[in-house]
Amino acid sequence: MPPADREGGAIRDAARRAAADAAAEAAPERTFGAWLEGLVPPEAQLHFLNAGREFVAGVEVTLDHHLGRRAGRPPQRGPVRIEIE
């Protein structure tokens with residue numbers, strides 16, 4: 001068999017494998033999260049998880065500040081009347 005035929009066969013086989021891999025990745029039962037896990041390295045996944053926790057903690061502290069909640073003090077019952085002169 002000439003070298004060009006062997007190379008062409010190898011290229012066709014590689015193309016078929018790539019098409020099969022792409023079809024497996026596009027399977028409807030596969031979730032976006034499962035697909036994303038295949039792209040994002042484990043160290044980056046941990047970083048994003050920790051960043052998400054920090055974001056939630058920041059939102060919680062911001063809400064507590066604006067709603068007047070303080071640590072060690074019971075929450076206020078209802079609105080507080082403010083007298084304006």
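As a convention, each chain's residues are numbered from 1 in the sequence order in which they are written. This being a predicted model, a pLDDT of at least 70 is required before a residue's local features are given, and a value of 80 or more before pairs of side-chain atoms are given or counted; all residues contribute to the totals for chains, interfaces and linings. Calculated side-chain values reflect all of the structure's heavy atoms, with hydrogen atoms and water omitted.

## Description of the overall build of the protein
Here is the rule we go by: We count a stretch as a helix when DSSP gives it H or I for four or more residues in a row; a strand needs E for two or more, and each element gets its number in order from the N terminus. Summary of the burial criterion: residues with accessible area below 20% of their type's maximum are buried, those above 50% are exposed, and those between are partly exposed, where the area comes from a 1.4 Å probe applied to protein chains only. Method for areas: the Shrake-Rupley scheme with a 1.4 Å probe, in which residue coverage is limited to the protein chains shown.
Across its full length, the protein holds 3 helices and 0 strands. Its helices and strands in sequence order give the protein the pattern α-α-α, from N to C terminus. Counting all 85 residues of the protein, 4% fall into the buried class. Only carbon and sulfur atoms are counted for the fraction: they give 62% of the accessible area of the protein, which is about 8000 Å².

## Topic: helix 2 (residues 32-39)
Filter applied, for reference: In the analysis that follows, any N or O atom pair within 3.5 Å is treated as a polar contact, provided that within protein one partner can donate a hydrogen and the other can accept it, and provided that, for residues neighboring in sequence, both atoms belong to side chains.
When you tally the buried positions in helix 2, you get 0 out of 8 residues, a small fraction of the element. Measuring from the side-chain oxygen of the N-cap residue of helix 2 to the backbone nitrogen of Ala-34 gives 3.1 Å; that N-cap residue is Thr-31.

## Brief notes about the confidence of the model for the protein
Going by this rule: pLDDT expresses, on a scale from 0 to 100, how confident the predictor is about each individual residue.
Across the protein, the average pLDDT comes to 78, with 76% of residues at or above 70. Within the protein, no element has a lower average pLDDT than helix 1 (residues 3-25), which sits at 68, and none a higher one than helix 3 (residues 42-67), at 92.

## Thoughts on the pattern of salt bridges
To be explicit about the condition: A carboxyl oxygen of Asp or Glu within 4 Å of a side-chain nitrogen of Lys or Arg is what we treat as a salt bridge.
Taken as a whole and assessed by the stated rule, the structure comprises 2 salt bridges. One salt bridge connects Arg-16 with Asp-13, and the closest N-O pair in it is separated by 3.6 Å. With Arg-16 and Asp-13 both in helix 1, this residue pair falls 3 residues apart, about one helical turn. Residue class for Arg-16 comes out exposed when judged on its relative accessible area of 55%. Using a relative accessible area of 37% as the deciding quantity, one classes Asp-13 as partly exposed. Residue Glu-83 is joined to Arg-81 by a salt bridge in which the shortest nitrogen-to-oxygen separation is 3.4 Å. For the pair shown, Glu-83 and Arg-81 are each scored as exposed.

## Details of helix 3
To be explicit about the condition: Every helix has an expected span of 1.5 Å times one less than the residues it contains.
In a regular helix each residue adds 1.5 Å, so 26 residues correspond to 38 Å; helix 3 covers 38 Å between its end C-alpha atoms and thus fits that length. A small share of helix 3 lies buried, amounting to 0 of its 26 residues. Following helix 3 by one or two positions, Gly-68 has its phi on the positive side, about 80°.

## Considering a nonpolar patch on the surface
Heads up, the condition is: What goes into a patch is any residue over 30% in relative accessible area without a salt bridge, connected to like charges within 9 Å or, for nonpolar side chains (Val, Leu, Ile, Met, Phe, Trp, Tyr), within 5 Å.
On the surface, a cluster of nonpolar side chains totalling about 490 Å² of accessible area is made up of Phe-55, Val-56, Val-59, Leu-63 and Leu-67. Residue position: Phe-55 is located in helix 3. Residue classification places Phe-55 among the exposed residues on the basis of a relative accessible area of 59%.

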